[in-house]
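Descriptive structure summary
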Amino acid sequence: MKTFWILFAAEWRHFRAAKGLVLLTSLVLLVGLYGIYYGTSEINRQRQHLAELPALARHNVEELKVKFPDEADAGEIGYYHTTFAVHHPTPWASLALGQRDVNPYYVKLRLLGLQGQLYASENVNPTKALSGNFDLAFVLVYLFPLLIIALCFNLLSYEKEQGILTLLLAQPVSAATLVAAKLAFRVALVLGLVLVLSGVAMLWAQVPPDGRVGLWLALVVLYCLFWFAVAFLVTSWQRTSAFNAVALVGVWLVLVVLVPGLLNVFVSAARPVPQGLELTIKQRDEIHGGWDKPKTETMNRFFALYPQYRDTATIKERFVWRWYYAFQHLGDQSVQELASAYTDGLRQRYELVNRLNWLSPAINAQTSLNALAGTDLPAHLAFQQSATRYHDALRGFYYPYLFHKVAFTHADYAKEPTHTFTSTSDPTTALSGLGKLLVSTGAVLVAGLLLFRARPVNPR
């Protein structure tokens, strides 16, 4: 054991003398700190924006009070009044932004058709945002493996190429002890960086000290150990440093770039999903067609959904608000199956990715960290469902005014429903990802050990 620690200390001295590795490690540390800063700044910006929305809604109400100083038709209020469905982040969101800077974190709503408003801000298909954003999770998942490769590609080959491995093994030192000491130092160095960066991020984000702290640390530590196991497996082949470097970078490209890309193509083909734009266009066509349809036909279709308003007065005027909102509502109904297919398709894609992410530990780690932070696709879909329920509540609030011809007064603004939604962490998905990482790391490590024993170290 004393020999092990002597070798461990020697590795520390060699590391300090290798200015390139010191510079690279320092650069990764700085990039990790920037990832923490970026993630925290983005979430703080979103929180500040969300905090300003109630003031915007109050300002809109004050404008309407000036526009309609007396009692008003609720149809006009519903048309001009703007409210917001808001999606608040979890404290963990700054560590793994996930899809919070891809998908909208609030939706501006009026009493008009919902679907066009719900998908108006959708610019990116959520399932294509597999790689995450430049936050701490991105640095840990995509950049730390490169640091590990830089530290480990010449783990044993350097001494062999320099002709000093023969001298080392001539001492009372086994090859296994030498490799273990060299590998242990690198593991300690990298995991030290991981713990420092994670600790800084958690303190900065003020995350609650609960079981998720341990789960986050377990995920990122085990993910780094997987890459050390890969490096050990390649080292066990006892090839040249150049071969090891090419092989390790090749593994990184396959697991971090190629497999995720192929997985995205396969999932998109296996689970086709209609685009939100297609849904919006169909809804608008239905609404625009409502102007030309007989009012009786429109109202009868609406009364089938809301029979409690069937006994309201027959529409004889050329335009009334309740007819207008009736065909707006029917426009939503016309795309209900398409909207359900859209959300179900995205959920099925996510579930398929989760079933296949064992093929890429990078995707497994990223989806697990996003789930833990409450920034994954299910969190966004849950927000959309919450916004849909809120819009239904707005309809339930305004429809009695419209169909019973009740005047809308200034006091009624305060009675209007409001909305708030906060993501929740998904530790179940994170634990599942941790189990897959454990199996992957164990399998690669066992393969490396078997290969190391099967191929005795040749010092020449």
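To be clear, the structure that these remarks concern was listed above.
Below, the structure is looked at part by part. These numbers were taken from a predicted model, which means no experiment stands behind them.

Brief notes about helix 5 (residues 136-152)
- For helix 5, with 17 residues, the first-to-last C-alpha span of 23 Å sits near the 24 Å given by 1.5 Å per residue.
- The buried fraction of helix 5 is high, at 13 of 17 residues.
- Sitting at the head of helix 5, D135 places a side-chain oxygen 3.3 Å from the backbone nitrogen of A137.

Quick notes on unusual backbone geometry
- Phi at Q206 takes a positive value of approximately 55°, unusual for a residue other than glycine.
- Following the sequence through the fold, Q206 ends up in the loop between helix 8 (175-205) and helix 9 (211-235).
- For Q206, a relative accessible area of 67% translates into the label exposed.
- Positioned with a positive phi, K405 is a non-glycine residue whose angle comes to about 55°.
- As for its position among the elements, K405 is in the loop between helix 16 (377-403) and strand 3 (421-422).
- Judged by its relative accessible area of 56%, K405 is exposed.

Overview of the side chain of D376
- Inspection of the secondary structure assignment puts D376 in the loop between helix 15 (361-373) and helix 16.
- Salt bridges are absent for the buried D376, whose nearest opposite-charge side chain, R100, sits at 9.7 Å.
- If near-sequence neighbours (up to four positions away) are discounted, D376 is found in contact with Q99, Y350, N370 and A371.

Regarding the state of the cysteines
- Applying the stated criterion across every chain yields a total of zero disulfides.
- Among the cysteines around C152, which has no disulfide bond, C224 carries the closest sulfur, lying 11 Å off.
- By relative accessible area, C224 is classed as buried at 2%.

What to know about the packing of aromatic side chains
- For the structure on display, the rule yields 51 aromatic pairs.
- By way of ring pairs, the aromatic residues F68, Y79, Y80, W291, F319, W321, W323, Y324, Y325 and F327 are connected into one cluster.
- The cationic tip of K67 hangs over the ring face of Y80; the distance from NZ or CZ to the ring centre is 5.0 Å.
- If you follow R239 out to its NZ or CZ, it ends over the ring of F243, 4.3 Å from the centre.

Quick word on the nonpolar core
- The biggest cluster of nonpolar side chains holds 77 residues, and the ones touching the most others in it are L95, L136, F144, V190, W216, W227 and L369.
- When residues in this core are grouped by element, the largest group, 16 residues, is from helix 8.
- Those residues in contact with V190 that sit more than four places away from it in its chain are F144, L147, I148, L151, C224 and F228.
- Within the second largest apolar cluster, 51 residues are counted, among which are A85, F302, Y324 and Y390.

About the criteria used
Residues numbered from 1 in each chain as written. Predicted model: local features only at pLDDT ≥ 70, side-chain atom pairs only at ≥ 80, totals over all residues. Heavy atoms only, no water. Helix = DSSP H or I, 4+ residues; strand = E, 2+ residues; numbered from the N terminus. Expected span 1.5 Å × (residues − 1). Buried < 20%, exposed > 50% of the residue type's maximum accessible area, 1.4 Å probe, protein only. Polar contact = N/O pair within 3.5 Å; in protein donor to acceptor, adjacent residues only side chain to side chain. Lys, Arg positive; Asp, Glu negative; His and termini not counted. Salt bridge = Lys/Arg side-chain N within 4 Å of Asp/Glu carboxyl O. Contact = heavy atoms within 4.5 Å. Disulfide = S-S within 2.5 Å. Phe/Tyr/Trp six-rings, centres within 6.5 Å; stacked < 30°, edge-to-face > 60°. Lys NZ or Arg CZ within 6 Å of the ring centre and 35° of its normal. Core = buried A, V, L, I, M, F, W, Y, C linked by side-chain atoms within 4.5 Å.

Function-wise, these values are silent; they only describe arrangement.
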